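Examining the three-dimensional arrangement
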There are 4 protein chains.
Amino acid sequence: MSASLSRPRTGVWLIGARGSVATTVVTGCAAVTAGLHPPTGMVTETPLFAGSALPALSDLVFGGHDTLDCPLPKRAEALTAGGVLPPGVASAVAAELAAADREIRHGGPTSGDTRGEAELVTDFADDIRDFTHRHRLERTVVINVASTEPASGGPGAPLPASTLYALAALRAGCPYVNFTPSEGMHHPAAARAAERTSLPHAGRDGKTGQTLLRAVLGPMFAQRALTVRAWSGTNLLGGGDGAALADPAAAAAKNAGKERVLADTLGTVPEGEVHIDDVPALGDWKTAWDHIAFDGFLGTRMILQTIWQGCDSALAAPLVLDLARLAARAHQAGLTGPLGDLGFYFKDPVGAGPASLAEQYTALTALGQRLRPPAGGERAPGERQ
Amino acid sequence: MSASLSRPRTGVWLIGARGSVATTVVTGCAAVTAGLHPPTGMVTETPLFAGSALPALSDLVFGGHDTLDCPLPKRAEALTAGGVLPPGVASAVAAELAAADREIRHGGPTSGDTRGEAELVTDFADDIRDFTHRHRLERTVVINVASTEPASGGPGAPLPASTLYALAALRAGCPYVNFTPSEGMHHPAAARAAERTSLPHAGRDGKTGQTLLRAVLGPMFAQRALTVRAWSGTNLLGGGDGAALADPAAAAAKNAGKERVLADTLGTVPEGEVHIDDVPALGDWKTAWDHIAFDGFLGTRMILQTIWQGCDSALAAPLVLDLARLAARAHQAGLTGPLGDLGFYFKDPVGAGPASLAEQYTALTALGQRLRPPAGGERAPGERQ
Amino acid sequence: MSASLSRPRTGVWLIGARGSVATTVVTGCAAVTAGLHPPTGMVTETPLFAGSALPALSDLVFGGHDTLDCPLPKRAEALTAGGVLPPGVASAVAAELAAADREIRHGGPTSGDTRGEAELVTDFADDIRDFTHRHRLERTVVINVASTEPASGGPGAPLPASTLYALAALRAGCPYVNFTPSEGMHHPAAARAAERTSLPHAGRDGKTGQTLLRAVLGPMFAQRALTVRAWSGTNLLGGGDGAALADPAAAAAKNAGKERVLADTLGTVPEGEVHIDDVPALGDWKTAWDHIAFDGFLGTRMILQTIWQGCDSALAAPLVLDLARLAARAHQAGLTGPLGDLGFYFKDPVGAGPASLAEQYTALTALGQRLRPPAGGERAPGERQ
Amino acid sequence: MSASLSRPRTGVWLIGARGSVATTVVTGCAAVTAGLHPPTGMVTETPLFAGSALPALSDLVFGGHDTLDCPLPKRAEALTAGGVLPPGVASAVAAELAAADREIRHGGPTSGDTRGEAELVTDFADDIRDFTHRHRLERTVVINVASTEPASGGPGAPLPASTLYALAALRAGCPYVNFTPSEGMHHPAAARAAERTSLPHAGRDGKTGQTLLRAVLGPMFAQRALTVRAWSGTNLLGGGDGAALADPAAAAAKNAGKERVLADTLGTVPEGEVHIDDVPALGDWKTAWDHIAFDGFLGTRMILQTIWQGCDSALAAPLVLDLARLAARAHQAGLTGPLGDLGFYFKDPVGAGPASLAEQYTALTALGQRLRPPAGGERAPGERQ
């Protein structure tokens, strides 16, 4: 199909490409493109980005790294049984799942791997470049959606895998997005390299549930001058992330992001802890309970409680698609370095932007404007020359 | 004390002056002025209004109308027993309560009242003018904090009491605020009169709990492109308002405000009802449960529930003090007609402002700027000549 | 298959045989019999009834009346899409669904029906007898699982359909169970007829969620001598029952049952209302929120809240299977009249039994003992002669 | 007052006599005796114990050990400010508080204490005996209501203070009740001594909130044959107990009791953790959130959540009064050793009784019967000779 070949397409390279989030991303992109479902949860499909020349969903090509072998169609079947994907969708987009599955390369380091860090970075970058060239992609965005890593061991410790992938993205000249609390581009080694390349990057840790709520409720208390005394939370989740985050070391980065939201929006750090429990029985479903004790006028004690019951992959996937499109377009438009205007999507955003969701939305709106090609000027992606 | 006499002071005339809200307003203003409690819940005490030349809390003088006889100090005692006021405050400000109590005039119409509507308006206006003159007040703001009335009976029906008071405020040349869902200035008779006077007025129905939450959660769903399928709510409350709102006719106006917030922020009206139950055992405490069923990516069904447990009078009182100060300053600064920039405070605001709390806060911030006296120009209230 | 023919089998005649509950009953019985699922939720499969000689699940034969036409296999497909039935089960038991579907007869009265009440009862009874004879069933239990009817119109009003079916059950000599709040055997006309036949019958209104909780929490408060001040509840449900119960007249019987549980276990009727909202977006899922305000020592005010999120059909179906087996065995064992020992299953049980779930469980345990065939005596069902 | 002297009275010796629970016990006993409040929360005041010859509340005399110095009237004042005691009660019973305060002896070991364990036990026993003799008490019950201790250090470690007090109770010939999760009589050293004395004793860890609920909800799931997959819980509490239990070692014993209830009532241990967070802002108020994931028919996943908001001292105090009376009467009636029939009151009861609250209530009812004096036989306490 010559028409399709002549349109510039964009690669989306997923770290953790066989995980629940990645499977939902690939399935969902195909399902929305085919008109099987509306693009619920995708901000890039709202009027905010009309005219921003984002790559079309139908022009995204998926590949990635993973250390597991289970084929994507099988993963999609399991997610259907678990209620994450609606019945029938996985089989309707079987071809697209198989196509993406063929583009998944073995990641690392795995046990017994004799390659050093430099070699791994080179191999990963080669995989990404090869994918980009074979498909004649205009550019490829690298997005980390792998399970959360434990916090790294300090100076002298081996680089965490997420950072190796981040370095590979830089090496391959790709915009990079870290949707997880893992270190990735935040590691000093990667941060220094990023500065040299001036590629655009964003992160970290997608804001999908409890922290999303905190980013609107924190400002509410602050704007109403109500004193929050204690903000306590418990998260119950199964799936891979439940197991990973039940490890206190792995949860530390995530909780730091949650706490930062409160500190930034309230101006103080209230009492209270955050627990993350692994509850395998819940599968991919997440329940977050928050208990907020606040003082009203004359010190009267009041309480707000919230209970959020969501499906983590279904919350994450549309945001990942948004970020892939935005990072690609930002790269095309010449934006460089940390993309602070994407704080709307993250628990612990790069840059020094606001922590209130409303202000983050305003920043995102402005970014949408800034990405609009000038009249008669820069060619929008997918446009004929 | 000649200094105090020479400072211009502001009257606050409360309709429903012996109710829980009014009692908390008078007690709280005195307690904060005396340094017994911080001004929690008062937005006018935040940096937003630094330099906006609002009247000082210590320069407010209270009076009002009510049809009940129970003295304010006794009401304050009961509120202390009910946990609304902290122990010890009522006795610490007994003098201020007694002073306000002396300025409460008998309202109406009461059963057996032979006065016609015109006469009642005249009497009420005389009471307000007399209060203003005796205390040599620069101006008096009239604020309705009385129990919610049933919806009025349509064309030809007698004017509701809240509208008689609104007309009296206009007659006496006073800015007017309707903190309740009652008709007040919304009645066509009052609306026409208000247009002739161009006095500033604001309302209606203070946004103190469930609707406050809806005004931040609605925008969150909209901004994240998540489809809200159903938004259901139940309110349990005792006190006078519980009994009044258990009457479906009285609740209608309140629920209209709640629904408008959803319609305006979500862009659609989701399924779901709102119940208001009278539960005398809860006294002045209010519990609001909200259940929000929304669709995520690919139609995955998710749920958010919120439980708000607050003390209605303690939530309302600081907002009433805010509004008294803002309406007074707006009048002084020459603002006229509906004060649309005060939508932050109301369920069903006058004017055509936004329904999202964040945008309402932005409008309020701009108002704070606009109220700042020009350098060397307009004299701020309380300033020596 | 002569072996199978020689075993006595039991008919289960479902009023509302194409509804969600009936579809789940037929699907589930086949799935459990085939070993596809454990018998979760079926008390008759616990040791309580070991030796009570209940008919085996594999010996139940299904049929029934309905006024709708949608075939059972199609209904099961829809319930699978709605998450009520797990993926794959409906197709695994397609044969059993088709078999039951063939035994569904058109019910009534439907609009345009020219048959009088007596004729309808005769026709219904003929359908049941024909089913029993064609399948050479030892007996058939009639169970009402149809949508809730509005309350009947008082003396002189036409008999409600549920009562016509109850009369048909009596006419056909069948034990009868009313799993709904509809009148059924409670109508004076049916009650009188029931007394003459002394067939065993049970009901009414299956206790599947909020009332189940109330039947254990009410006794807890009573036993601990804690004073319940107010017990408020809101139920959100979609499906057919949501629409039926949003009608206050239909909800009245259901709420009476809920209230009776509190009155009986607490010894007083606390403040508080119960709402039932139709929320189509929830489909067959039901959310029940209860808010219980109680006094502790020295009048300290405390709160318990419960949130129950269940699938109505999945909660009801195992209880319906339990009741079919228990009513059949009770009939065989010669029990007559109202089966008061089945209060464990109902919101508003026949007879004068206890309202506390624990005491109802004790009564059920005793019934299990009583149903055990005497050694060497009465032949158990399914036993060779 | 010769009449009063001639009636046999009962001593209640509280370990932790200046704590919130003890203060509420003393205040509440006096307030109920004076008719200021009904005996809400006291099971011994229900018909269950009519005729069981329990000592009258007015015949209880209070004393105890504590290592703190704050006088009881001052503690009661603080509890009033914190909303635990209703306004006015502390001053109404000031005389009784002062009388109890005079009977509080300094406990130990405190830092710098040079006394060995044997000497401490002797001193404590002397204090108790002296109290009993001076007041001519018929007997004294020793009840531990002190803050929870960390778990003891294993063999060879010093005896925990709670065990020293338990040994002192045995030495002084007193029935003993452990209302806390501390070791007390469970320590092998005390357990051996208890066997020799055959004094009645009971414990441990009063069942006041989350575990009380679990003891009724666990049986409900079991009786309905619903499979509990995961039971997760978070407790937020301030006060002294919040700080003590935030220490994982101290929480271990408490959580073991909570888990035992589930294991015993469900027959399996479901997934899920229990958190206890210290949230000083909550003061003496405790919030417990439980999230129960269970399977219904055909594996359908359902959820029950409970939120319990109670005042810990107000929940504990009436149970402590119950236990004082029951232990005294058991001693008088000649019961010896572990009082297994008091499992109704404890998270981790002595003996091998049932874990379901309903069965525990049945056992308690039987105890009430057993404690009834035979007609014409044993003299009831307080009865004239």
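Everything numeric in this text was worked out from a predicted model, so none of it was measured.

**Remarks on the overall build of chain A**
- Scanning chain A from terminus to terminus reveals 13 helices and 10 strands.
- Taken over the C-alpha trace, chain A has a radius of gyration of 21 Å; the compact-globule value for 385 residues is 21 Å, and the two agree within 12%.
- For the C-alpha atoms alone, the extent of chain A along its principal axes is close to 70 × 55 × 45 Å.

**With respect to the relation of the copies chain A and chain B**
- For the match of chain A to chain B, the screw axis carries a shift of 0.0 Å, the RMSD comes to 0.0 Å, and the turn is 180°. Overall, the copies show the geometry of a two-fold rotation axis. For chain A, the residue whose C-alpha comes nearest the rotation axis is Thr-306 of chain A, separated from it by 2.2 Å.
- Of all interface residues in chain A, 100% are interface residues in chain B too; the two copies therefore contact each other through one and the same surface.

**Comments concerning the packing of helix H6 (residues 117–134) of chain C against helix H7 (residues 161–171) of chain C**
Residue and element names in this part refer to chain C.
- Taken N-terminus to C-terminus, the directions of H6 and H7 make an angle of 55°; their axes are 8 Å apart at the nearest point. Relative to H7, the element H6 lies oblique. Along this stretch, H6 crosses H7, giving a crossing that reads as right-handed. Only Leu-164, Tyr-165, Leu-167, Ala-168 and Arg-171 of H7 make contact with H6, whose side of the interface consists of Glu-117, Leu-120, Val-121, Phe-124, Ala-125 and Ile-128.
- Per-class residue counts for the contact of H6 with H7 are 9 nonpolar, no polar and 2 charged.

**Thoughts on the relation of the copies chain D and chain B**
- Note on the copies: chain D fits chain B at an RMSD of 0.0 Å, the axial shift is 0.0 Å, and the rotation between them is 180°.
- Take the interface residues of chain D: 100% of them recur as interface residues in chain B, which is what a same-surface contact looks like.

**Regarding the domain arrangement of chain A**
Residue and element names in this part refer to chain A.
- For chain A, the domain assignment lists domain 1 (2–205 + 314–370) and domain 2 (210–311).
- Placing the centre of domain 1 and that of domain 2 at their C-alpha centroids yields a distance of 26 Å.
- Counting residues at the interface gives 19 residues for domain 1, matched by 26 residues for domain 2.
- Counting residues per element, the ones that place at least two in the side of domain 1 that touches domain 2 are helix H12 (312–332) and helix H13 (357–370).
- Taken together, the residues that form the side of domain 1 that touches domain 2 break down as 9 nonpolar, 6 polar and 4 charged.

**Some points on the interface of chain A and chain B**
- The interface of chain A with chain B comprises 47 residues on the first partner and 47 residues on the second.
- Of all the secondary-structure elements, those providing two or more residues to the side of chain A that touches chain B are helix H2 (20–33), helix H9 (210–223), strand S10 (301–311), H12 and H13 of chain A.
- For the side of chain A that touches chain B, the element with the most residues is S10 of chain A, which contributes 10 residues.
- When the residues that make up the side of chain A that touches chain B are grouped by side-chain class, the tally is 29 nonpolar, 15 polar and 3 charged.
- Judged from the 7 bridges that link them, S10 of chain A and strand S10 (residues 301–311) of chain B form a sheet pairing that is antiparallel. In the sheet register, Ile-307 of chain A faces S10 of chain B, and the bridge partner there is Gln-305 of chain B.

**Some points on the packing of helix H2 (residues 20–33) of chain D against helix H12 (residues 312–332) of chain D**
Residues and elements named next belong to chain D.
- For the pair H2 and H12, the least separation of the axes is 8 Å and the interaxial angle reads 60°. The hand of the H2/H12 crossing is right-handed. Residues Ser-20, Val-21, Thr-24, Val-25, Gly-28 and Cys-29 of H2 form the contact with H12, whose participating residues are Ser-313, Ala-314, Ala-316, Ala-317, Val-320 and Leu-321.
- Of the residues belonging to the contact of H2 with H12, the class tally is 8 nonpolar, 4 polar and no charged.

**Points about the sheet that holds strand S5 (residues 176–178) of chain A**
All names here are of chain A.
- If you walk across this open sheet you meet the 6 strands as S3-S2-S1-S4-S5-S6, and the pairing is parallel. Of all the strands in the sheet, just strand S3 (104–106) and strand S6 (201–203) have a single pairing partner and so form its edges. When the angles between neighbouring strand axes are averaged without regard to direction, this sheet yields 20°.
- Both strand S1 (residues 9–15) and strand S4 (residues 137–144) contribute to a ladder of 7 bridges, which runs parallel. Looking at the pairing, Ile-15 lines up with Asn-144 of S4.
- Along the sheet, helix H6 (residues 117–134) makes contact with S1, strand S2 (60–66), S3 and S4, crossing S4 at roughly 140°.
- The sheet strands contacting H12 are S1, S2, S4, S5 and S6, and the helix crosses S4 at an angle near 135°.

**A few points about the environment of Pro-38 of chain D**
Residue and element names in this part refer to chain D.
- Summarising the element assignment, Pro-38 is placed in the loop between H2 and strand S2 (60–66).
- By C-beta crowding, Pro-38 is classed as partly exposed, having 16 other C-beta atoms within 10 Å.
- Sequence-wise, Pro-38 and Leu-48 are 10 residues apart; in three dimensions their C-alpha atoms are separated by 17 Å.

**Structural notes on the confidence of the model for chain A**
- Averaged over chain A, the pLDDT score is 92; the fraction of residues at 70 or greater is 95%.
- Ignoring residues within four places in sequence, the model shows residues 380–385 of chain A, a span with pLDDT below 50, making 13 contacts including any to other chains.

**Some thoughts on unusual backbone geometry**
- Cis rather than trans, the peptide bond between Gly-203 of chain B and Arg-204 of chain B has omega equal to -15°.
- Mapped onto the elements of the fold, Arg-204 of chain B is located in the loop between strand S6 (201–203) and helix H9 (210–223).
- Cis geometry marks the peptide bond from Gly-108 of chain C to Pro-109 of chain C; its omega dihedral reads -5°.
- Positionally, Pro-109 of chain C belongs in the loop between strand S3 (104–106) and H6.
- With a phi angle near 55°, Ser-198 of chain B is a residue other than glycine that sits in the positive phi range.

**Remarks on the environment of Ala-243 of chain C**
- Among the structural elements, Ala-243 of chain C can be located in helix H10 (residues 239–245).
- Along the sequence, Ala-243 of chain C and Val-279 of chain C sit 36 residues apart, while their C-alpha atoms lie 8.1 Å from each other.

**Details of the pairing of strand S9 (residues 285–295) of chain B**
All names here are of chain B.
- The element S9 is largely enclosed, with a buried count of 10 among its 11 residues.
- By the bridge criterion, 10 bridges tie strand S7 (residues 227–237) to S9 in an arrangement that is antiparallel. In the sheet register, Thr-227 faces S9, and the bridge partner there is Asp-295.
- Relative to S10, S9 is paired through 11 bridges, and the arrangement is antiparallel.

**Description of the sheet that holds strand S1 (residues 9–15) of chain D**
Residue and element names in this part refer to chain D.
- Reading across the sheet, the 6 strands line up as S3-S2-S1-S4-S5-S6 and stay open at both edges, with parallel pairing between neighbours. Among the strands making up the open sheet, the edge pair consists of strand S3 (104–106) and strand S6 (201–203). Pairs of neighbouring strands in the sheet enclose a mean axial angle of 20°, with direction left out of account.
- The strands touched by helix H6 (residues 117–134) are S1, S2, S3 and strand S4 (137–144); relative to S4, the strand with the most contacts, the crossing angle is about 140°.

**Thoughts on helix H7 (residues 161–171) of chain B**
Residue and element names in this part refer to chain B.
- Burial analysis of H7 places 10 of its 11 residues in the buried class, the great majority of the element.
- Taken together, the buried positions of H7 are occupied by Ala-161, Ser-162, Thr-163, Leu-164, Tyr-165, Ala-166, Leu-167, Ala-168, Ala-169 and Leu-170.
- Buried residues along H7 sit against strand S1 (9–15), strand S2 (60–66), helix H6 (117–134), strand S4 (137–144), strand S5 (176–178) and helix H8 (188–197).

Calculation rules
Residues numbered from 1 in each chain as written. Chains lettered and ligands numbered in written order. Predicted model: local features only at pLDDT ≥ 70, side-chain atom pairs only at ≥ 80, totals over all residues. Helix = DSSP H or I, 4+ residues; strand = E, 2+ residues; numbered from the N terminus. Rg over C-alpha atoms; globule rule 2.2 N^0.38 Å. Least-squares fit on C-alpha atoms with pLDDT ≥ 70 in both. Contact = placed C-beta atoms within 7 Å. Axes fitted to C-alpha atoms, helices over the stretch in contact; angles between N-to-C directions. Parallel < 35°, antiparallel > 145°, perpendicular 65-115°, else oblique. Left-handed = near helix turned anticlockwise from the far one by under 90°. Nonpolar A, V, L, I, M, F, W, Y, C, P; charged D, E, K, R; others polar. Domains from an automatic or database assignment. Pairing = 2+ DSSP bridges. Buried ≥ 20, exposed ≤ 12 C-beta atoms within 10 Å, placed from the backbone. pLDDT = per-residue confidence, 0-100.

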